[in-house]
Amino acid sequence: MGFVFSKAMNDSLKAQQEFMRLQLERQLVLQNLMRERQTAMQIAWTREFLKYFGTFFGLATVVLTTGAVKRKNPAVLLPILPLSFVFCYQYDMGYGTLLQRIKGEAENILDTQSTLLELPKGPLTFEDLEKIRISQSNYFTEK
């Protein structure tokens, strides 16, 4: 009798472990899909912004160049310099290799400088969260 009960419990435990593994795999796939969608939205936003900023940059360059020629003063062209840095950054973000370079640097930090990632006072523990929760619940019940 004990063997049958033990075997049923063992089978139930294995089924539960398999279910938990499948749930974890689903959560990981879902998180990855959400991250990919957020990244795609960021790239799309950058490309859309680049269209508007590129138009502004082009018009500003033409107007400033015309002003510099008419006034015979090359100092009028100075605003083009910072605008060109912004334009190049946005172009690199939307169509260039900036995201690959950022990813490579992030991997480098994870591999060689992981101490930079540590939280102040260490990672949160269940006990820390419970202390905060209790103190906040006491704060709200006192009012």
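Above this text sits the structure in question.
Calculation notes
Residues numbered from 1 in each chain as written. Predicted model: local features only at pLDDT ≥ 70, side-chain atom pairs only at ≥ 80, totals over all residues. Heavy atoms only, no water. Helix = DSSP H or I, 4+ residues; strand = E, 2+ residues; numbered from the N terminus. Rg over C-alpha atoms; globule rule 2.2 N^0.38 Å. Buried < 20%, exposed > 50% of the residue type's maximum accessible area, 1.4 Å probe, protein only. Contact = heavy atoms within 4.5 Å. Areas by Shrake-Rupley, 256 points an atom, 1.4 Å probe, with all protein chains shown as cover. Expected span 1.5 Å × (residues − 1). Phe/Tyr/Trp six-rings, centres within 6.5 Å; stacked < 30°, edge-to-face > 60°. Axes fitted to C-alpha atoms, helices over the stretch in contact; angles between N-to-C directions. Parallel < 35°, antiparallel > 145°, perpendicular 65-115°, else oblique. Nonpolar A, V, L, I, M, F, W, Y, C, P; charged D, E, K, R; others polar. 1 Å grid on protein atoms, 1.4 Å probe; cavity = no way out; pocket = protein on both sides within 12 Å on 5 of 7 lines; lining within 4 Å. Points joined across faces, edges and corners; volume = space filled by probe spheres on them. Core = buried A, V, L, I, M, F, W, Y, C linked by side-chain atoms within 4.5 Å.

### Observations regarding the overall build of the chain
What the chain contains, in helices and strands, is 4 helices and 0 strands. Overall, the chain shows an N-to-C arrangement of helices and strands of α-α-α-α. A globule of 143 residues ought to have a C-alpha radius of gyration of about 15 Å, yet the chain, at 29 Å, is considerably larger. Residue burial in the chain is summarised as follows: out of 143 residues, 10% are buried. Taking all contacts inside the chain whose residues are at least 6 apart in sequence as the whole, residues at least 24 apart take part in 52%. Put simply, the chain shows about 12500 Å² of open surface, and 66% of that area lies on carbon and sulfur atoms.

### Details of the side chain of T46
Looking at where T46 falls in the secondary structure, it is placed in helix α1 (residues 2-71). For T46, the contacting residues outside a window of four places in its chain are Q90, M93 and G94.

### Some words on helix α2 (residues 80-95)
Along its 16 residues, α2 runs 21 Å from first to last C-alpha, staying within 8% of the 22 Å computed at 1.5 Å per residue. Taken as a whole, α2 has its buried residues at I80, L83, Q90, D92, M93 and G94.

### Some thoughts on unusual backbone geometry
At K72, a position not held by glycine, the phi torsion is positive, near 55°. Note that K72 resides in the loop between α1 and α2. At K121, a residue that is not glycine, the phi angle is positive and equals roughly 65°. Take K121: its relative accessible area is 89%, and that puts it in the exposed class.

### Let's talk about the packing of aromatic side chains
Two measures describe an aromatic ring pair: the distance that separates the ring centres and the angle between the ring planes. Here the structure, examined in full by the defined rule, presents 5 aromatic pairs. On the basis of an interplanar angle of 50° and a centroid distance of 5.9 Å, the ring pair of F53 and F56 is categorised as tilted. Of this pair, F53 and F56 both sit in helix α1, 3 residues apart, which is roughly one turn of that helix. Here the aromatic residues W45, F49, F53 and F56 are joined through ring pairs into a cluster of three or more.

### Focus on the packing of α2 against helix α3 (residues 98-112)
Contact geometry of α2 with α3 gives a least axis separation of 6 Å together with a crossing angle of 80°. Classified by the angle their axes make, α2 and α3 are roughly perpendicular. Packed against α2, whose contacting residues are Y89, D92 and M93, the element α3 presents L98, L99 and R101 at the interface. For the contact of α2 with α3, the class distribution of residues is 4 nonpolar, no polar and 2 charged.

### Structural notes on the layout of surface pockets
Of the volumes computed, that of the largest pocket is approximately 190 Å³. Secondary-structure elements contributing two or more residues to the lining of the largest pocket are α1 and α3. At 4 residues, α1 tops the list of elements feeding residues into the lining of the largest pocket. Across the lining of the largest pocket, the residue classes break down as 1 nonpolar, 3 polar and 3 charged.

### Some thoughts on the nonpolar core
Generally speaking, nonpolar side chains in soluble globular proteins are found buried as a group. In terms of nonpolar packing, the biggest core is built from 6 residues, these being F53, F57, A60, L64, I80 and L83. Among the secondary structure elements, those contributing two or more residues to this core are α1 and α2. With 4 residues, the single largest contributor to this core is α1.

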